[in-house]
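Residue strings, one per chain:
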Amino acid sequence: MNYDVLIIGAGPGGIFSAYEAVKLNPGVKIGVFEAGNPLEKRKCPIDGKNIKSCVNCPTCGIMNGFGGAGAFSDGKYNITNQFGGTLYEYVGKQEAIELMQYVDTINVKYGGQDTKLYSTENTHLKKLCLQNDLHLLDASVRHLGTDINYIVLQNLYNELKDKVDFHFLTRIERVEKTEDGFRIHSQKESFNGRTCIISTGRSGSKWMGDICRSLHIQTRSNRVDIGVRVELPAEVFSHLTDELYESKIVYRTEKFQDLVRTFCMNPRGVVVSENTNGIVTVNGHSYEDPSRYSENTNFALLVSNHFSEPFNDSNAYGESIARLSNMLGGGVIVQRFGDLIRGQRSTQSRIEDSFVEPTLSATPGDLSLVIPKRQLDGIIEMIYALDKVAPGTANDSTLLYGVEVKFYNLDVEVDEHLETSQKGLFVIGDCSGVTHSLSHASASGVHVARYLFGKETKQTMKITQ
Ligand SMILES: Cc1cc2nc3c(=O)[nH]c(=O)nc-3n(C[C@H](O)[C@H](O)[C@H](O)COP(=O)(O)OP(=O)(O)OC[C@H]3O[C@@H](n4cnc5c(N)ncnc54)[C@H](O)[C@@H]3O)c2cc1C
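How each quantity is defined
- Residues numbered from 1 in each chain as written.
- Predicted model: local features only at pLDDT ≥ 70, side-chain atom pairs only at ≥ 80, totals over all residues.
- Helix = DSSP H or I, 4+ residues; strand = E, 2+ residues; numbered from the N terminus.
- Rg over C-alpha atoms; globule rule 2.2 N^0.38 Å.
- Buried ≥ 20, exposed ≤ 12 C-beta atoms within 10 Å, placed from the backbone.
- Contact = placed C-beta atoms within 7 Å.
- Near = placed C-beta within 6 Å.
- Nonpolar A, V, L, I, M, F, W, Y, C, P; charged D, E, K, R; others polar.
- Domains from an automatic or database assignment.
- Pairing = 2+ DSSP bridges.
- Axes fitted to C-alpha atoms, helices over the stretch in contact; angles between N-to-C directions.
- Arc of directions from axis to C-beta.
- Expected span 1.5 Å × (residues − 1).
- Core = buried A, V, L, I, M, F, W, Y, C linked by C-beta atoms within 7 Å.

Colleague: Break down the overall build of the protein for me, with residues and values.
Modeller: When helices and strands are counted, the protein shows 12 helices and 22 strands. In summary, the protein has a C-alpha radius of gyration of 22 Å against a globular reference of 23 Å for 465 residues, a match within 12%. Its C-alpha atoms give the protein principal-axis dimensions of roughly 70 × 45 × 45 Å. Out of the 465 residues belonging to the protein, those deemed buried represent 54%. For the protein, long-range pairs separated by at least 24 residues make up 76% of all intrachain contacts whose partners lie at least 6 apart in sequence.

Colleague: Could you give an account of the site of the ligand, naming the residues involved and the relevant values?
Modeller: Contacts to the ligand come from 43 residues, most closely from Gly-9, Gly-11, Gly-68, Gly-201 and Gly-429. Mapped onto the shell around the ligand, the elements with two or more residues apiece are α1 (12-24), β3 (76-79), β16 (279-285) and α12 (438-453). Here the residues of the shell around the ligand are counted per class, giving 12 nonpolar, 24 polar and seven charged. Residues from two domains meet in the shell around the ligand; each of domain 1 (2-117 + 141-219 + 410-453) and domain 2 (223-407) gives at least three.

Colleague: Describe the sheet that holds strand β12 (residues 223-233), with residues and values.
Modeller: A sheet is described by the order of its strands in space; here eight strands give the open sequence β5-β13-β14-β17-β12-β20-β18-β19, paired in mixed fashion. Looking at strand neighbours, the two that pair on one side only are β5 (135-136) and β19 (363-364), the edges of this open sheet. Here strand β13 (residues 249-252) pairs with strand β14 (residues 259-266) via three bridges, running antiparallel. Residue pairing for β14: Tyr-251 is matched across the bridge by Val-260. Packed onto the sheet, helix α11 (residues 373-389) meets β12, β13, β14 and β17 (296-306) and runs at close to 135 degrees relative to β17.

Colleague: Any details on the pairing of β14? Residues and values, ideally.
Modeller: With seven of eight residues buried, β14 is to be regarded as a mostly interior element. Hairpin remark: β13 followed by β14, antiparallel, with six residues in the connecting loop; positive phi at Gln-257, about 60 degrees. Of the strand pairs in this sheet, β14 and β17 are connected by five bridges, and their pairing is antiparallel. Considered in β17, the bridge of Phe-263 is made with Ala-300.

Colleague: Talk me through the domain arrangement of the protein; I want residue IDs and the actual numbers.
Modeller: Looking at the assigned domains, one finds that the protein contains domain 1 (2-117 + 141-219 + 410-453) and domain 2 (223-407). For domain 1 and domain 2, the distance between their C-alpha centroids amounts to 28 Å. Contacts between the two partners involve 25 residues from domain 1 and, on the opposite side, 20 residues from domain 2. Secondary structure elements with two or more residues in the side of domain 1 that touches domain 2: β6 (140-143), α5 (145-160) and α6 (205-215). Sort the elements by how many residues they give to the side of domain 1 that touches domain 2 and α5 lands first, with four residues.

Colleague: Could you give me a rundown of helix α7 (residues 234-244), with the residues and numbers involved?
Modeller: Every buried residue belonging to α7 is among Ala-234, Val-236, Phe-237, Leu-240, Thr-241 and Leu-244, and all of these are buried. Axial view of α7: buried residues confined to an arc of 130 degrees, hence all on one face. Exposed residues on α7 whose side chains face more than 90 degrees from its buried face are Glu-235 and Asp-242. At its buried positions, α7 is contacted by β4 (116-119), α4 (125-130), β12, β14 and β17.

Colleague: Break down α5 for me, citing the residues and quoting the values.
Modeller: The end-to-end C-alpha distance of α5 is 22 Å, a good match for the 22 Å that 16 residues give at a rise of 1.5 Å each. Three or more residues of α5 are buried, namely Gly-145, Thr-146, Ile-148, Asn-149, Tyr-150, Val-152, Leu-153 and Leu-156. Buried residues along α5 sit in contact with α1, α3 (93-112), β6 and β16.

Colleague: Can you lay out the sheet that holds β6 for me, pointing to particular residues and giving the numbers?
Modeller: To summarise the sheet geometry, strands pair through backbone hydrogen bonds and adopt either a parallel or an antiparallel arrangement. Spatial strand order, β3-β6-β4: three strands in an open sheet with antiparallel pairing. Looking along the sheet, the strands with just one partner apiece sit at the ends: β3 and β4. Neighbour-to-neighbour, the strand axes of the sheet open up by a mean angle of 20 degrees, direction not taken into account. Of the strand pairs in this sheet, β3 and β6 are connected by four bridges, and their pairing is antiparallel. Bridge pairing in β6 links Lys-76 to His-143.

Colleague: Let's hear about the environment of Gly-65: which residues, and what values?
Modeller: For Gly-65, the position within the fold is in the loop between β2 (30-33) and β3. C-beta crowding within 10 Å serves as the criterion here: with 27 such atoms nearby, Gly-65 is assigned to the buried category. It is 36 Å that separates the C-alpha atoms of Gly-65 and Gly-378, two residues lying 313 residues apart in sequence. Gly-65 has contacts with Glu-34, Gly-36, Asn-37, Pro-38, Leu-39, Arg-42 and Ala-71, leaving out every residue within four places of it along the chain.

Colleague: How would you summarise the nonpolar core if you had to cite specific residues and measurements?
Modeller: Within the largest apolar cluster, 133 residues are counted, with the highest numbers of intra-cluster contacts made by Leu-6, Ile-30 and Tyr-401. Counting residues per element, this core draws most heavily on α12, which supplies nine residues. Of the residues that make up this core, three or more belong to each of domain 1 (2-117 + 141-219 + 410-453) and domain 2 (223-407). Those residues in contact with Ile-30, other than ones at most four positions away along the chain, are Tyr-3, Asp-4, Val-5, Ile-7, Ala-18, Ala-21, Val-22, Val-164 and Asp-165.

If you want it as structure tokens, here you go:
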């Protein structure tokens, strides 16, 4: 089967590159190849009753399928160059923001029209943070919520389904360079394309490494973030979340001079477990619909770890720590902050006695047996620092779930068009290492489609007749 463009992965990167390509060039023949299911068939079997932990489905309902890892996410589209990726290093700061703003208009058009755009502009909270040696990063954030995010994805699929060939449950195993383009191979079939856009996200990161090796494309891996997910009564953070929804706050620890930051804040949300390539870690999300609010707010506290030579497999380091927690807790471990400080494990009865009711059923345990001292000290320091701007953060009953690991994909060597040294092969979204978020991943897809089909570019691709 022949296409103009082969897109591997139907996460935000893949979807937005397909969307923009058909918009700019309605006759283009695009094949999208996705390892997971269509949106409506994506389902995680964990129901909390009969199935309580991950059963390692052949394709993960949470991570794979139309919408990618973002499908059941909180749908927070952050418009900023300060976090979420380094797209601006490739396309320029102004262009990166414009691309993200464009993505926002599409989300609004396809179902997000009643959602709110929050902003850190003119907030007094910045000063409050600075007075306590905490640094609030600048951003606008569109919070779609898990429910509206799903509707936007449904609408985008309906828009695209007659213009693009979707091949679901089609995991691409190999990418081969041919004389006039690329040939990609699933277990059963092969497909040819003049151009190939790879957008396989975090779940496709190991695979991406193999593809790069086979096509002699350079990569690097030197960063992983390790931490916990904090859960506390929503009132403790309400002055921040009511105004900003999500606040990205950075702190430099006194002891090790490491950077610790808040990440993925979910006001009145729930904590969830997630399975990446068989390793169970923790995450969180929240709903736009008030009837689905919980009593709690959750967010991650992450310590950034950068490694230098000779070590070059930062993800393996993060995986080892996550495995240790999986080994001790059978999955995610939960501990009260007070227990951690007293040097005792949390037990079921201590968690039940707590003033904070957990939203995730996790194994009570001792995070100090899992998280290395350097990172754990950083997390504790940051909790006390946050307590100054949000008193109550360091309460005894604050719950800590571990471990939360933010794996960074290999940095794939790409140019300003996100094109690799193999001409016609583009790597976008989280699998490129350039992005780590919904808005950056989506924007990277738009950027490549515009390069291929935009009127202004020299590249404008001729399409198959
Ligand atoms: C629970 C959760 C909550 C999150 N919340 C937020 C949030 O609120 N805001 C935010 O900015 N980010 C959030 N994120 C991160 C965000 O989802 C990702 O940054 C984003 O989805 C990346 O988009 P992508 O297109 O690069 O990759 P992905 O969304 O990961 O999509 C990649 C797709 O490629 C497919 N694939 C992989 N390998 C292959 C292969 N070999 N062949 C065919 N298909 C393949 C996968 O099945 C997947 O569907 C969250 C992530 C999770 C897991």
